[in-house]
Amino acid sequence: DTEVTQTPKHLVMGMTNKKSLKCEQHMGHRAMYWYKQKAKKPPELMFVYSYEKLSINESVPSRFSPECPNSSLLNLHLHALQPEDSALYLCASSQDWREYSYEQYFGPGTRLTVT
Amino acid sequence: DAKTTQPNSMESNEEEPVHLPCNHSTISGTDYIHWYRQLPSQGPEYVIHGLTSNVNNRMASLAIAEDRKSSTLILHRATLRDAAVYYCILRWFGNEKLTFGTGTRLTIIP
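Attention here is on the structure that accompanies the text. The structure presented is a predicted model; accordingly, all values stated were derived computationally and were not measured.

Parameters and conventions
- Residues numbered from 1 in each chain as written.
- Chains lettered and ligands numbered in written order.
- Predicted model: local features only at pLDDT ≥ 70, side-chain atom pairs only at ≥ 80, totals over all residues.
- Heavy atoms only, no water.
- Pairing = 2+ DSSP bridges.
- Helix = DSSP H or I, 4+ residues; strand = E, 2+ residues; numbered from the N terminus.
- Axes fitted to C-alpha atoms, helices over the stretch in contact; angles between N-to-C directions.
- Contact = heavy atoms within 4.5 Å.
- Buried area = accessible area lost by both parts, 1.4 Å probe.
- Salt bridge = Lys/Arg side-chain N within 4 Å of Asp/Glu carboxyl O.
- Polar contact = N/O pair within 3.5 Å; in protein donor to acceptor, adjacent residues only side chain to side chain.
- Phe/Tyr/Trp six-rings, centres within 6.5 Å; stacked < 30°, edge-to-face > 60°.
- Buried < 20%, exposed > 50% of the residue type's maximum accessible area, 1.4 Å probe, protein only.

**Here's the deal with the sheet that holds strand E4 (residues 45-50) of chain B**
All names here are of chain B.
(1) Moving on: Pairing within the open sheet is mixed, and its 5 strands lie in the order E1-E9-E8-E3-E4. In this open sheet, the two strands that pair with only one neighbour each are strand E1 (9-13) and E4. Taken over all neighbouring pairs, the strand axes of this sheet differ in orientation by 25° on average, direction set aside.
(2) Moving on: Where strand E8 (residues 84-92) and strand E9 (residues 104-109) come together, 3 bridges link them in antiparallel fashion. Pairing of Val85 across the sheet is with Arg105, part of E9.

Now the structure itself:
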């Protein structure tokens, strides 16, 4: 199984809502990532978890709160978002990033619209 | 992070080879050259990576210049399914981060 799954596929939320995005992989990967992709732009890294610990936060606003409950699961909790946060949110995973060969496997993304 | 430069767009005929160029004149000795592609409405997909020598896999070949300041991704026989945005990314060994540039949008003409 070389799949990264993300739920939901689409999400519409108001600026006062609280919602969560979920990402799951069963490849035994120990690094997991959140990216944000605006329309017609490349993906931008938001967070990296390595061995279930947050190792990189790319100065993401606190209204985005990541969580890694176990090695297979990655969540992104959303609160008080702005319309400009509307984007495709991509999750990815890879083997231990310290190894030579580490490709990242991406999920299909959650398309988020903030109204 | 060292920067890469790619053409914004390219077109190729179906069943012809495609050569996608990437310039990375400030590459350092520990930077690996990675290629990913993103098909429409999908997440990015790993294609290939290399350090100094040319590399082949089932999807593509990667040709790296001797001075490593440029590289070329070669799709040997393009199909309509290869229409995507192709990203050339430099990543030094041990770096958790994958920094995407603007990429090349490849259109395949039937």
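**Some details on the interface of chain A and chain B**
Put simply, an interface is often sized by how much accessible area is lost when its parts join up.
(1) Moving on: Tallying the contact residues gives 25 residues for chain A and 21 residues for chain B.
(2) Moving on: Note on chain A versus chain B: buried area summed over both sides is about 1,900 Å², and carbon and sulfur give 57% of it.
(3) Moving on: One salt bridge connects Lys97(B) with Glu58(A), and the closest N-O pair in it is separated by 3.2 Å.
(4) Moving on: At the boundary of chain A and chain B, one finds 3 residue pairs in polar contact (both at pLDDT 80 or more).
(5) Moving on: Broken down by secondary-structure element, the contributors of at least two residues to the side of chain A that touches chain B are strand E4 (31-37), strand E5 (44-50) and strand E6 (53-57) of chain A.

**What to know about the packing of aromatic side chains**
(1) Moving on: Following the criterion strictly, the structure yields 9 aromatic pairs over all chains and no others.
(2) Moving on: With centroids separated by 6.1 Å and ring planes inclined at 80°, the aromatic side chains of Phe106(A) and Tyr36(B) adopt a geometry described as edge-to-face. Within this pair, whereas Phe106(A) is found in strand E10 (residues 105-106), its partner Tyr36(B) is found in strand E3 (residues 31-38), the two belonging to separate chains. Comparing Phe106(A) with Tyr36(B) shows no difference in burial state: the two are buried.
(3) Moving on: Grouping aromatic residues by their ring pairs yields a cluster made of Tyr33(A), Tyr35(A), Phe106(A), Tyr36(B), Tyr46(B), Tyr87(B) and Phe100(B).

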